[in-house]
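Overview (structure and organization)
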Amino acid sequence: MPGPLEGRRFYFVGIGGSGFSAYANIARAWGAEVAGWDVRETIFMETLARVEIAVGGDPEPPPGYEVVVSAAHAARVPGRSRAELLAELVSLRPAIVVGGAHGKTTTAAMVAFALRELGRDPSWILGGVVPQLGGNAGAGSGWTVVEGDESDRSIGALRPRVAAVTNVELDHHAAYRSEAELRGFLEQWLTTVPAVVRGWELAPVTGPLAVPGEHNRRNAATARAVLELAGVPAAESEPVLARFTGVARRFELVGERGGVAVYDDYGHNPTELEATLRTARERTRGRLIAVYQPHVYERTRQLYRELAAALGLADAAIVTEVTGARDEPRPGVGGKLVLDHLPPHTRAGWAPTLADASALALAWARAGDVVVTFGVGEPWKVARAIVAGLPAGGEVGR
């Protein structure tokens, strides 16, 4: 049976992003030819085997291809926005969309995993790689499970049959003037959807889960409610949700050497940093070291105090310069602004680059410590470099 995109050809400008790589994967799974470009190699390109990708220079779409352009590269070449493409993808099959400030990737992944394990043959389009699903996108004949994005209001153009909002918190200050405006926008969108779940109205699940943390109990509660609306009774979904082992870059154990455990996490705002550090604290017999790469200058300007307070849950915090492809630099706003507001009890380390952060973390880490790298950009490279730099045998001196 031909896929719904059979015969079409797409060229993705920014194909290495978390969302664009998923759109590229679902497009080819649904029958389209896919190619793309990005300014540099990314971890998400590992999911795009056998896709022709140009790296560096300028994008050069081949003749006859539909061009889809990431907002970060909108000035480079004309084309469709990701919001327009995603709205089309959601319209092609009965869909479930999960949005919210925190937990949307994990919750959507839980839903897709449960549907697949229970034989419902879903498609999924996610903003993170799910090892149990084999990637960040996949094709089936049943429900399409999609992670929506409120950062650019694109979620408002999606028309699923089932929608969930995990929680509401102002995280995108350039798009919304207040949390009240964000909440109003999301509630307006929910009025267009036949069946709705609001995660904050649910009690956390109490049964066993393979993923740690109270936040994941809330994610699982939202996933269970969504699955019920999709026709899966809780008695069927709960044992499957208990087997879900997580999403890459969501408190992912990168390695353990020399008695030091190194985790990587996508968390980039205060609530996410706090939730992950509280979970990590339960796993250390030594010190907790956080490595944070701030993302977006406007978020850093608005939330530097809250970011510093969250990082204060660690015994030591290393902060790099901002990665800010989404907005322009602002005078006086940078990683140092966060670092300078750490609480006195937290050891502070300034590392302008990711290489500096890796070297400093290796200098500080001792046997029994837990190191967690945080951020949207490429802190995963820091985590891998730390693991590679730790001694393979024995323990790092205390």
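It should be noted that the structure appears before, not after, this text.
Let me sum up the structure you'll find in this document. (Residues numbered from 1 in each chain as written. Predicted model: local features only at pLDDT ≥ 70, side-chain atom pairs only at ≥ 80, totals over all residues. Heavy atoms only, no water.)

Now for the overall build of the chain. Counting secondary structure elements, the chain contains eleven helices and 17 strands. Since a compact globule built from 398 residues should have a radius of gyration of about 21 Å, the 21 Å found for the chain is in line with a globular shape. Looking at the chain as a whole, 56% of its 398 residues are labelled buried. For the chain, the proportion of contacts with a sequence separation of at least 24, taken over those separated by at least 6, is 70%. Working note: accessible area of the chain is about 16100 Å², and carbon and sulfur atoms make up 50% of it. (Helix = DSSP H or I, 4+ residues; strand = E, 2+ residues; numbered from the N terminus. Rg over C-alpha atoms; globule rule 2.2 N^0.38 Å. Buried < 20%, exposed > 50% of the residue type's maximum accessible area, 1.4 Å probe, protein only. Contact = heavy atoms within 4.5 Å. Areas by Shrake-Rupley, 256 points an atom, 1.4 Å probe, with all protein chains shown as cover.)

This part covers helix H5 (residues 214–229). Look at H5: 23 Å from first C-alpha to last across 16 residues, which is about the 22 Å you get at 1.5 Å a residue. The set of residues buried in H5 consists of Asn216, Asn219, Ala220, Ala221, Thr222, Ala223, Ala225, Val226 and Leu227. (Expected span 1.5 Å × (residues − 1).)

What the six strands build is an open sheet, ordered S12-S13-S17-S14-S15-S16; its pairing is mixed. Strand pairing shows two members of the sheet lacking a second neighbour, strand S12 (252–257) and strand S16 (347–350), which therefore form its edges. Between one strand axis and the next, the sheet turns through 15° on average, direction left out of account. In this structure, strand S15 (residues 316–319) lies alongside S16, joined through four bridges in parallel fashion. Paired with Val319 across the strands is Trp350, a residue of S16. Lying over the sheet, helix H10 (residues 354–364) contacts strand S14 (288–292), S15 and S16, oriented at roughly 165° with respect to S15. Sitting on the sheet, helix H11 (residues 379–389) touches S12, strand S13 (260–265), S14 and strand S17 (370–374), and the angle it makes with S13 is about 165°. (Pairing = 2+ DSSP bridges. Axes fitted to C-alpha atoms, helices over the stretch in contact; angles between N-to-C directions.)

As for its position among the elements, Asp264 is in strand S13. Judged by its relative accessible area of 1%, Asp264 is buried. A polar side-chain atom of Asp264 sits 2.5 Å from a polar atom in the side chain of Arg249. Of note is the side chain of Asp264, whose polar atom sits 2.6 Å from the side chain of Thr373. In this structure Asp264 touches Arg249, Arg250, Phe251, Glu252, Val254, Thr373, Pro379, Trp380 and Ala383, once residues within four positions along its chain are discounted. (Polar contact = N/O pair within 3.5 Å; in protein donor to acceptor, adjacent residues only side chain to side chain.)

Glancing now at the layout of surface pockets. One number sums up the size of the second largest pocket: a volume of about 250 Å³. As for the second largest pocket, its lining consists of 15 residues, and the residues nearest its centre are Ile43, Ala248, Arg249, Glu252 and Arg384. Those elements giving two or more residues to the lining of the second largest pocket turn out to be strand S7 (123–130), S12 and H11. With three residues, S12 is the single largest residue contributor to the lining of the second largest pocket. Among the residues forming the lining of the second largest pocket, the class breakdown is seven nonpolar, two polar and six charged. (1 Å grid on protein atoms, 1.4 Å probe; cavity = no way out; pocket = protein on both sides within 12 Å on 5 of 7 lines; lining within 4 Å. Points joined across faces, edges and corners; volume = space filled by probe spheres on them. Nonpolar A, V, L, I, M, F, W, Y, C, P; charged D, E, K, R; others polar.)

Our next topic: the pattern of salt bridges. It is possible for side chains bearing opposite charge to pair when their charged atoms get close. Tallying each qualifying case throughout the model produces 26 salt bridges. Glu117 is paired through a salt bridge with Arg243; the nearest N and O atoms lie 3.2 Å apart. A residue pair is termed long-range when its members are at least 10 positions apart, and Glu117 in helix H3 (residues 104–117) and Arg243 in the loop between helix H6 (234–241) and S12 qualify at 126 residues. For Arg243, a relative accessible area of 41% corresponds to the partly exposed category. Here Asp340 makes a salt bridge to Lys336, at a shortest N to O gap of 3.3 Å. Shared partners join several salt bridges into a network, and the residues in it are Arg8, Glu66, Arg80, Glu84 and Glu88. (Salt bridge = Lys/Arg side-chain N within 4 Å of Asp/Glu carboxyl O.)

Looking now at the packing of H3 against H5. At a closest axis distance of 9 Å, the pairing of H3 and H5 adopts a crossing angle of 50°. In this view, H3 runs oblique relative to H5, as classed from their interaxial angle. As H3 runs across H5, the sense of the crossing is right-handed. Residue-level inspection shows Thr106, Thr107, Met110, Val111, Ala114 and Leu115 of H3 in contact with H5, the latter providing Asn216, Asn219, Ala220, Thr222, Ala223, Val226 and Leu227. Here the residues of the contact of H3 with H5 are counted per class, giving eight nonpolar, five polar and no charged. (Parallel < 35°, antiparallel > 145°, perpendicular 65-115°, else oblique. Left-handed = near helix turned anticlockwise from the far one by under 90°.)

A separate point is unusual backbone geometry. A positive phi is found at Arg50, a non-glycine position, where the angle reads about 70°. For Arg50, a relative accessible area of 80% gives the class exposed. At Val296, a position not held by glycine, the phi torsion is positive, near 80°. With respect to the secondary-structure elements, Val296 resides in the loop between S14 and helix H8 (297–311). You can call Val296 buried: its relative accessible area is 8%.

To continue, consider the sheet that holds strand S11 (residues 195–198). Taken together, six strands build an open sheet; the order of strands is S8-S7-S9-S6-S10-S11 and the sheet is mixed. The open sheet has two edge strands with one neighbour each: strand S8 (135–138) and S11. Put simply, the sheet's adjacent strands are angled 20° from each other on average, direction ignored. With four bridges joining them, strand S10 (residues 162–165) and S11 adopt parallel strand pairing. Its bridge partner being in S11, Val165 is matched across the sheet by Arg198. Lying on the sheet, H3 is in contact with strand S6 (95–99), S7 and strand S9 (144–147); it crosses S7 at an angle near 130°. Together, S6, S10 and S11 form the strand contacts of H5, whose direction differs from that of S11 by roughly 170°.

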